[in-house]
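Structural features, examined
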Amino acid sequence: MARKSFSCSSTLFLVLLAVGSFFATYNLLTMAVHYKTVNSEGLSYDPIVEMPDNMKRSRGAKALFHVALTATDAPYSKWQCRIMYYWYKKTKDMPGSEMGKFTRILHSGQPDNLMDEIPTFVVDPLPAGLDRGYIVLNRPWAFVQWLERATIEEEYILMAEPDHIFVNPLPNLARGEFPAGFPFFYIKPAENEKIVRKYFPQENGPVTNVDPIGNSPVIIRKDLLEKIAPTWMNVSLRMKDDPETDKTFGWVLEMYAYAVASALHGVQHILRKDFMLQPPWDLETGKRFIIHYTYGCDYNMKGELTYGKIGEWRFDKRSHLRGPPPRNLPLPPPGVPESVVTLVKMVNEATANIPNWDTE
């Protein structure tokens, strides 16, 4: 900043210099969006991205997001979608929610028997054999088709999954060009730099620009997702074609592909640990927004976790591959964490209130 005059007093000059240094430091910090700190409740997120005034929305101003999840027509996918949609409807209009409309993106290529129950948009699967048995590769291709062909009123989109349950009303955690994502402990771009560099070359920047996330849960501005989705699809297919990448990333390959695709477009995410909890490892729901029940919950009758060994009491979605779980599942024994108890209670409430539950 040029000096207008050399006649200013030394005191005034020092004040201006201090103010200028403050804003320079502030701007530098706002660029360092990739690192997390821990709040008073022990939840990891990035307050550097969240807190700047120019990224806050005024009170009362809502930024609705469209809830979208990809699904198949298999019974295993259907019953999870029905529970997820039940809790979407129940929390959508609660105070604090910024949920908009809902779409199940069905990538089976044809309608199924849930079309009248759940708002659904049918898209085509990948050509036969292209997914090599890794059905999740259909997810980016499904989003590409939906974004191109559907009318989406909301400015933002939440990419969700069938095994998500809204445990608290979900606000829009994204801020403009900064989407919000959940940091997964097993997505480690820096530790896998040799492989990541096959798709994210040195000239694109440091490997730390690749966020430790998957595509879900993510709240993102629609125009950003429209740019990322085709790249996400192409990177996914390239990764699957590479034996080293396929072997190393395994079932989380498509998650790495989304993280790389976002970084290729210069998009970095606000990392929100409070976005989601994953029983049995997260013990309390607290103020988190989504329960992700991807892990099996196995306990003995003393309430002790027996992970890796089928418990005397268990809840595992994979126990119900061919059809829905029965209504009124038994609650866990005393001593089991609140998160697991809440999960089973929420499943039971949904199945008790969804008509014709046992027919699917």
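Preceding this section is the structure that the text describes.
As the structure is a computational prediction, the values presented were derived from the model and not from experiment.

Each value, and the rule that gives it
- Residues numbered from 1 in each chain as written.
- Predicted model: local features only at pLDDT ≥ 70, side-chain atom pairs only at ≥ 80, totals over all residues.
- Heavy atoms only, no water.
- Helix = DSSP H or I, 4+ residues; strand = E, 2+ residues; numbered from the N terminus.
- Buried < 20%, exposed > 50% of the residue type's maximum accessible area, 1.4 Å probe, protein only.
- Areas by Shrake-Rupley, 256 points an atom, 1.4 Å probe, with all protein chains shown as cover.
- Phe/Tyr/Trp six-rings, centres within 6.5 Å; stacked < 30°, edge-to-face > 60°.
- Contact = heavy atoms within 4.5 Å.
- Axes fitted to C-alpha atoms, helices over the stretch in contact; angles between N-to-C directions.
- Left-handed = near helix turned anticlockwise from the far one by under 90°.
- Salt bridge = Lys/Arg side-chain N within 4 Å of Asp/Glu carboxyl O.

Regarding its fold elements, the chain presents nine helices and 14 strands. In the chain, which comprises 360 residues, the proportion classed as buried is 54%. Working note: accessible area of the chain is about 17,400 Å², and carbon and sulfur atoms make up 56% of it.

Before going further, it helps to spend a moment on the packing of aromatic side chains. For the structure on display, the rule yields 18 aromatic pairs. Measuring from ring centre to ring centre gives 5.7 Å for Tyr85 and Tyr88, while their planes differ by 20°; the resulting arrangement is stacked. Here Tyr88 and Tyr85 lie together in helix H3 (residues 75-91), a separation of three residues that amounts to about one turn. What makes Tyr85 buried here is its relative accessible area of 11%. Here a set of aromatic residues connected by ring pairs shows up, and it is made of Phe182, Phe184, Phe185, Tyr186 and Trp251.

Along the chain, the position of Val207 falls in the loop between helix H5 (193-196) and strand E9 (218-221). With eleven residues separating them in the primary sequence, Val207 and Val196 have C-alpha atoms 7.7 Å apart. Those residues in contact with Val207 that sit more than four places away from it in its chain are Pro189, Ala190, Glu193, Val196, Arg197 and Phe200.

Looking now at the packing of helix H4 (residues 138-149) against helix H6 (residues 222-241). With their axes 8 Å apart at the nearest point, H4 and H6 run at an angle of 145° to one another. Here H4 runs over H6; the crossing is left-handed. Contact with H4, carried on its side by Arg139, Pro140, Trp141, Phe143, Val144 and Leu147, involves Lys222, Leu225, Glu226, Ala229, Pro230, Trp232, Met233 and Ser236 of H6 and no other residues of that element.

Applying the stated criterion to the full structure yields 20 salt bridges. A salt bridge links Asp112 to Arg104; its shortest N-O distance comes to 2.7 Å. Considered together, Asp112 and Arg104 belong to a single accessibility category, that of buried residues. The network of salt bridges with common partners includes Lys194, Lys198, Asp242 and Glu244.

So far we have only geometry, and geometry alone does not tell us how the molecule works.
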